[in-house]
Amino acid sequence: MKRAFALLCLSLFLLSPVVGQDKKKGKTPSAPSPEEIAAAMQKYGQPGEHHKLLAKYVGKWKHTDKMWMDPSQPPMTSEGTTEYRLMMGGRYLVQEYSGAFMGQPFNGMAMTGYDNFREEFKSVWVDDAGTGMMTMTGKFDPATRTLSMSGKMDEPMTGERDKTFKMTDRWVDDDTIVSEMYDTIPGKGLVKVMEITATRIK
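Let us look at the structure shown here. Every value quoted in this text rests on a predicted model; they were computed, and no experiment measured them. (Residues numbered from 1 in each chain as written. Predicted model: local features only at pLDDT ≥ 70, side-chain atom pairs only at ≥ 80, totals over all residues. Heavy atoms only, no water.)

### Re the overall build of the protein
Selection rule: Secondary structure elements are taken from DSSP: a helix is a run of H or I of four residues or more, a strand is a run of E of two residues or more, and numbering for both begins at the N terminus. Note on contacts: a residue pair qualifies if any of its non-hydrogen atoms lie within 4.5 Å across the two residues. Surface accessibility in these figures is a Shrake-Rupley result with a 1.4 Å probe; residues are shielded only by whichever protein chains are displayed.
When helices and strands are tallied, the protein shows 3 helices and 10 strands. Mapped from its N terminus to its C terminus, the protein presents α and β elements in the order α-α-α-β-β-β-β-β-β-β-β-β-β. Taking the contacts inside the protein whose residues are at least 6 apart along the sequence as the reference set, 35% of them involve residues at least 24 apart. Accessible surface, the protein as shown: approximately 13,100 Å² in total, 58% of it carbon and sulfur.

### With respect to unusual backbone geometry
The cut-off we apply is this: Only protein chains enter the area calculation, which uses a 1.4 Å probe; residues under 20% of their type maximum are buried, those over 50% are exposed, and those in between are partly exposed.
A positive phi angle, near 55 degrees, is found at Glu119, a position not held by glycine. Here Glu119 shows up in the loop between β4 (104-115) and β5 (120-127). Non-glycine residue Asp162 carries a positive phi angle of around 55 degrees. For Asp162, a relative accessible area of 54% corresponds to the exposed category.

### What to know about helix α3 (residues 49-56)
Counting along an α-helix, one turn takes 3.6 residues, and residues three or four places apart therefore face a common direction. Note the following rule: Directions are taken from the helix axis to each C-beta atom, and the arc is the one they span.
Where α3 is concerned, the buried positions are His51, Leu53 and Leu54. With its buried residues spanning 145 degrees around the axis, α3 presents them on a single face. Exposed positions of α3 whose direction lies more than 90 degrees from the buried face are Glu49 and Lys52. Where the residues of α3 are buried, they touch β2 (76-87), β3 (92-101), β4, β5, β6 (134-141) and β8 (160-173).

### So, the sheet that holds β5
The cut-off we apply is this: Pairs of strands are assigned from DSSP output, requiring at least two bridges between the strands. Fitting a line to C-alpha atoms yields each axis, with helices limited to the stretch in contact; the angle taken between N-to-C directions then spans 0 to 180 degrees.
With respect to topology, 10 strands assemble into a closed barrel ordered β1-β2-β3-β4-β5-β6-β7-β8-β9-β10, the strand pairing being antiparallel. Shown here is a sheet whose adjacent strand axes are inclined to one another by a mean of 25 degrees, direction ignored. Where β8 meets strand β9 (residues 176-185), 8 bridges bridge the pair, whose relative direction is antiparallel. Following the sheet pairing, Asp169 is matched in β9 by Ser179.

### Some points on the nonpolar core
Which entries qualify depends on this criterion: Among buried residues, those of type Ala, Val, Leu, Ile, Met, Phe, Trp, Tyr and Cys that are joined through side-chain atoms within 4.5 Å constitute a nonpolar core.
The biggest cluster of nonpolar side chains holds 26 residues, and the ones touching the most others in it are Tyr57, Phe121, Trp125 and Met181. Of the residues forming this core, the biggest block, 4 residues, is contributed by strand β10 (residues 189-200).

See below:
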């Protein structure tokens, strides 16, 4: 109820300039009714079919990671675990990743949701190897059972900003996911730099 009331007040506040403009022009104010606002809030705030995909991730997984620092050389390999849980009534998926990077412990966290208004998945990633935040958006393809997301990232080692990257999660079956990350390499475009094969533990 508190959330609904806060959003209602915010909506009415944002609409007030429009109403004021109508009055100045001699028009009848046409602000939506509280019932219309409540219906819109219900429509865009309710978890739906796309959120059921996020729920499929819930649980603990073990994974084998491959990373290519040089695409012409064999990848570095490591192992780790990932745990997923839902929050806020199934609206968002929280991922907690534990593994290794270049022989050192590596931990990361992501929060992913589906935006009913924009009709797309959104995700943000943070880790203890830096202080930046990676954000991405994307779609799910039921035919290939693949969630594809892309975004912009900074590369402190080279000074590059807003590099395009792409990530995919392909469901091999209900207990196996193959994730791939593609980075933008000058002169080569998007190149696969990471592959993670995750198997559900429980």
